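An overview of the molecular structure
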Amino acid sequence: MAVDRLPGVVLTDHLLAVPLDHDDPDGEHLAVYGREVVAAGRERDELPWLVYLQGGPGCPAPRPLGQDSWLSRALEDHRVLLLDQRGTGRSTPANRQTLPLRGGPAEQAAYLAHFRADAIVRDAELFRRRLVADGAPWSVLGQSFGGFCTVAYLSRAPEGLGAAYITGGLPGIDASAEDVYLAAYPRVARKNAAHYARYPQDVAAVKEIAAHLRERTVRLPGGGLLTAEAFQALGLMLGSGTGSHTLHHLVTEAWMTGPGGPELADAFLHAVQSHLSHATTPLFALLHETIYGQRSVDPGPTGWAAQRVRPGFPEFDVDAALAGEGPLYFTGEMMYPWLFDTDPALVPLKETAQALAERTDWPDLYDAGRLARNTVPAAAAVYFDDMYVDTAQALRTADRIRGLRVWVTNEWEHDGLRVSDGAVLDRLIRTVRGEV
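The following paragraphs examine the structure supplied in this document.

Cut-off values and rules
Sequence positions are assigned chain by chain, starting from 1 and proceeding in written order. Totals for whole chains, interfaces and linings use every residue, but because this is a predicted model, local features are given only for residues with pLDDT of at least 70 and side-chain atom pairs only at 80 or more, for both listing and counting. Each side-chain value is worked out from all heavy atoms of the structure, with water and hydrogens disregarded. Numbering goes from the N terminus for both helices and strands, where a helix is a DSSP run of H or I of at least four residues and a strand is a run of E of at least two. Per-residue accessibility, obtained with a 1.4 Å probe over protein chains only, is compared with the maximum for each type, and a residue is labelled buried under 20%, exposed over 50%, and partly exposed between these values. Working definition: rings of Phe, Tyr and Trp (its six-membered ring) pair if their centres are within 6.5 Å, and the pair is stacked with planes under 30 degrees apart, edge-to-face with planes over 60 apart, and tilted otherwise. Throughout, an axis means a line fitted to C-alpha atoms (over the contacting stretch in the case of helices), and angles, computed between N-to-C directions, take values from 0 to 180 degrees. In this scheme, roughly parallel covers angles under 35 degrees and roughly antiparallel covers those over 145, while 65 to 115 is roughly perpendicular and the rest are oblique. Note on convention: the crossing is left-handed when the near helix lies turned anticlockwise from the far helix by less than a right angle, right-handed when the turn is clockwise. Note on contacts: a residue pair qualifies if any of its non-hydrogen atoms lie within 4.5 Å across the two residues. Residue type decides the class: Asp, Glu, Lys and Arg count as charged, Ala, Val, Leu, Ile, Met, Phe, Trp, Tyr, Cys and Pro as nonpolar, and the leftover types, Gly among them, as polar. The set of buried Ala, Val, Leu, Ile, Met, Phe, Trp, Tyr and Cys residues whose side-chain atoms join them within 4.5 Å is what this entry labels a nonpolar core. Every definition here rests on a 1 Å grid over the protein atoms only: cavities are sets of points where a 1.4 Å probe fits but cannot get out, pockets are open sets enclosed by protein on both sides within 12 Å along at least five of seven lines, and lining residues have some atom within 4 Å of a point. Grid points are joined across faces, edges and corners, and a volume is the space filled by probe spheres set on the points. Throughout, the arc means that of the directions going from the helix axis to the C-beta atoms.

1. Quick word on unusual backbone geometry
Note the cis peptide between Gly56 and Pro57, where omega equals 10°. With respect to the secondary-structure elements, Pro57 resides in the loop between strand 4 (49-53) and helix 1 (71-74). Non-glycine residue Asp134 carries a positive phi angle of around 60°. By the element assignment, Asp134 lies in the loop between helix 3 (117-131) and strand 6 (138-143). For Asp134, a relative accessible area of 85% corresponds to the exposed category. In this structure, Asp421 is a non-glycine residue whose phi angle is positive, near 60°. Topologically, Asp421 is positioned in the loop between helix 17 (416-419) and helix 18 (423-432).

2. Some details on the packing of aromatic side chains
Applying the stated criterion to the full structure yields 14 aromatic pairs. Between Tyr181 and Tyr292, the ring centres sit 6.0 Å apart and the planes meet at 85°, which makes this aromatic pair edge-to-face. On the criterion of sequence distance, the pair formed by Tyr181 in helix 5 (residues 177-198) and Tyr292 in the loop between helix 10 (282-287) and helix 11 (305-309) is long-range, its members being 111 residues apart. Judged by its relative accessible area of 1%, Tyr181 is buried. Between Trp407 and Trp412 the ring centres are 6.2 Å apart and the planes differ by 80°, which places this aromatic pair in the edge-to-face class. Exposure class is identical for Trp407 and Trp412. Each is buried. One aromatic cluster in this structure is built from Tyr185, Tyr196, Phe313, Phe316 and Tyr329.

3. Some details on the packing of helix 6 (residues 202-215) against helix 8 (residues 243-252)
Axis separation between helix 6 and helix 8 bottoms out at 10 Å; the angle between their running directions is 60°. The angle between helix 6 and helix 8 falls in the class oblique. Considering how the two elements wind past one another, helix 6 and helix 8 form a crossing that is left-handed. Taking contact as the criterion, the partners of Asp202, Ala205, Val206 and Ile209 in helix 6 are, on helix 8, His248, Val251 and Thr252. The residue makeup of the contact of helix 6 with helix 8, split by class, is 4 nonpolar, 2 polar and 1 charged.

4. Examining the environment of Ile166
With respect to the helices and strands, Ile166 occurs in strand 7 (residues 161-167). Overall, the relative accessible area of 1% leaves Ile166 in the buried class. A C-alpha to C-alpha distance of 35 Å links Ile166 and Pro327, two positions 161 residues apart in sequence. Every residue in contact with Ile166, bar those within four places of it in the chain, is listed here: Gly142, Gly147, Thr150, Val151, Ala379, Ala380, Ala381 and Leu428.

5. Examining the nonpolar core
In this structure, Leu112, Trp138, Leu170, Leu226, Phe268 and Leu286 are the most contacted members of the largest nonpolar core, which totals 118 residues. No other element matches helix 5, which puts 8 residues into this core. Once residues within four sequence positions are removed from consideration, Phe268 is found in contact with Ile209, Leu226, Phe231, Leu250, Glu253 and Ala254. The next biggest cluster of nonpolar side chains, apart from the first, holds 26 residues, and it includes Ala39, Ala163, Leu425 and Leu428.

6. Some details on the packing of helix 3 against helix 4 (residues 145-156)
Remark: helix 3 packs on helix 4, axes separated minimally by 9 Å, with the N-to-C direction vectors making an angle of 70°. By the angle class used here, helix 3 and helix 4 are roughly perpendicular. Residue-level contacts link Ala117, Asp118, Ile120, Val121, Ala124, Glu125 and Arg128 of helix 3 to Phe145, Cys149, Ala152, Tyr153 and Arg156 of helix 4.

7. As for the layout of surface pockets
Looking at the second largest pocket, its volume works out to about 320 Å³. Forming the walls of the second largest pocket are 16 residues, and the residues nearest its centre are Asp21, Asp23, His114, Asp118 and Pro363. Residue classes in the lining of the second largest pocket are distributed as 6 nonpolar, 3 polar and 7 charged.

8. Notes on the environment of Leu15
Assignment of secondary structure puts Leu15 in strand 2 (residues 9-19). For Leu15, a relative accessible area of 56% corresponds to the exposed category. In sequence terms Leu15 and Glu178 are 163 residues apart; their C-alpha atoms lie 37 Å from each other. Apart from the residues within four sequence positions on either side, Leu15 is in contact with Ala31, Val32, Tyr33 and Arg90.

9. What to know about the side chain of Arg73
Within the fold, Arg73 resides in helix 1. Looking at Arg73, the relative accessible area reads 8%, which means it is buried. With residues up to four places along the chain from it excluded, the contact list for Arg73 reads Gly422, Leu425, Asp426, Ile429 and Arg433.

10. What about the side chain of Thr290?
Inspection of the secondary structure assignment puts Thr290 in the loop between helix 10 and helix 11. Beyond its immediate stretch of four places on either side in the chain, Thr290 contacts Arg116, Leu356 and Trp362.

11. Some thoughts on helix 9 (residues 266-276)
Every buried residue belonging to helix 9 is among Phe268, Leu269, Val272 and Leu276, and all of these are buried. In a view along the axis of helix 9, the buried residues occupy a sector of 95°, so they form one face of it. Opposite the buried face of helix 9, at more than 90 degrees from it, the exposed residues are Asp266, Ala267 and Ser274. In this structure, the buried side of helix 9 is in contact with helix 6, helix 7 (228-232), helix 8 and strand 9 (261-264).

12. Quick notes on empty space enclosed by the protein
Summed over all chains, the structure comprises 7 cavities of 30 Å³ or more. The computed volume of the largest cavity comes to approximately 140 Å³. Lining the largest cavity are 15 residues, and of these Phe148, Gly172, Val180, Tyr292 and Gln393 lie nearest its centre. Classifying every residue of the lining of the largest cavity gives 10 nonpolar, 3 polar and 2 charged. Here the second largest cavity defines a volume of roughly 90 Å³. In terms of lining, the second largest cavity is formed by Ala285, Leu286, His288, Glu289, Thr290, Thr302, Trp304, Met335, Ala353, Leu356 and Ala357. Looking at the lining of the second largest cavity, the elements that each hand over two or more residues are helix 10 and helix 14 (350-358). Examining the composition of the lining of the second largest cavity, we find that 3 residues originate from one element, helix 14, more than from any other. Across the lining of the second largest cavity, the residue classes tally to 7 nonpolar, 3 polar and 1 charged.

So this is what it looks like as structure tokens:
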């Protein structure tokens, strides 16, 4: 096992072979990576374990640079495992370079069907049995999609948990993909309205850029196609604490004067590419709607639900906005079929994405009966107007998890765990301990 020492922390690599299909333990295996983090000087201490499940789906765990962010609080009394969920980071990769090796789109989609929260939970359980002395329970911290995984953990393997902490990640356990997006568009619209109230000059600036993209073919430095709809996808950042300000700076620095007149600046296009490219997170696009698929809720396909319900929200229509006086609204955490035409990291996976969108009878991820009998001490932070996770759906789920203590706050946005300097995690730990 490789060991690295950074300021204030000691990092140890762990790589585990896990079944692709946990119901077929003798079948194909893949590698899942976890990074153990412990405070420097405490390597030999008997510390309780905390496994961290990252948001996403399809995003690797954070790479610590020391005792930064929430890790500082966690390392006060835990040994932490940062899990690169299957297909991400240093785990066996799943991307445009590796997936075609499995065969055609149908074979690739069948493979990726094993990359949801249920499989991630069972991977974590194998790590627990490998790392924790005597197979004792450990605690779990789930951020965003990691919170969805934590609720799946409480549903499927609560015996493996001593405590559960959830930040911005209580799923609607009885919400279909369509329900999720019908609730999402109004939340994103509110974030847009707040952005334009804060920066009214952006109304004209955004429409000027969109009109330019409607009239011309614009390529990003990596070859991606920047359409007006792709430009709208920058709204994903509006759900973070500083996202509105970042978007404003980006928009106001879009233009330069070239030999032929005004044109979009190289610096702007590079910045846009950094926000839009899925080169490092292809599974985020491929699997996003699948995380809502459950046969007991909707036995049909997820079927590009974000695209399907979008016509009901005309404020997001580019041409209508350009023809009228109102602002053009940015979109949020929505995945659309055209994304697989514009992003070079996704273009080879277009048919695979379609096969996943057409897949039916997704197995259930949550067990309402087991959640109602929950005995694992658990606490959740719910952000009052979270752009990514619907507050009403989250609170309905909270009511169905026995013993879950909920803290609703508007002090932070969805990224509260990361930006609160440990305050969010500290609150949840103290809540579980009965100190709050």
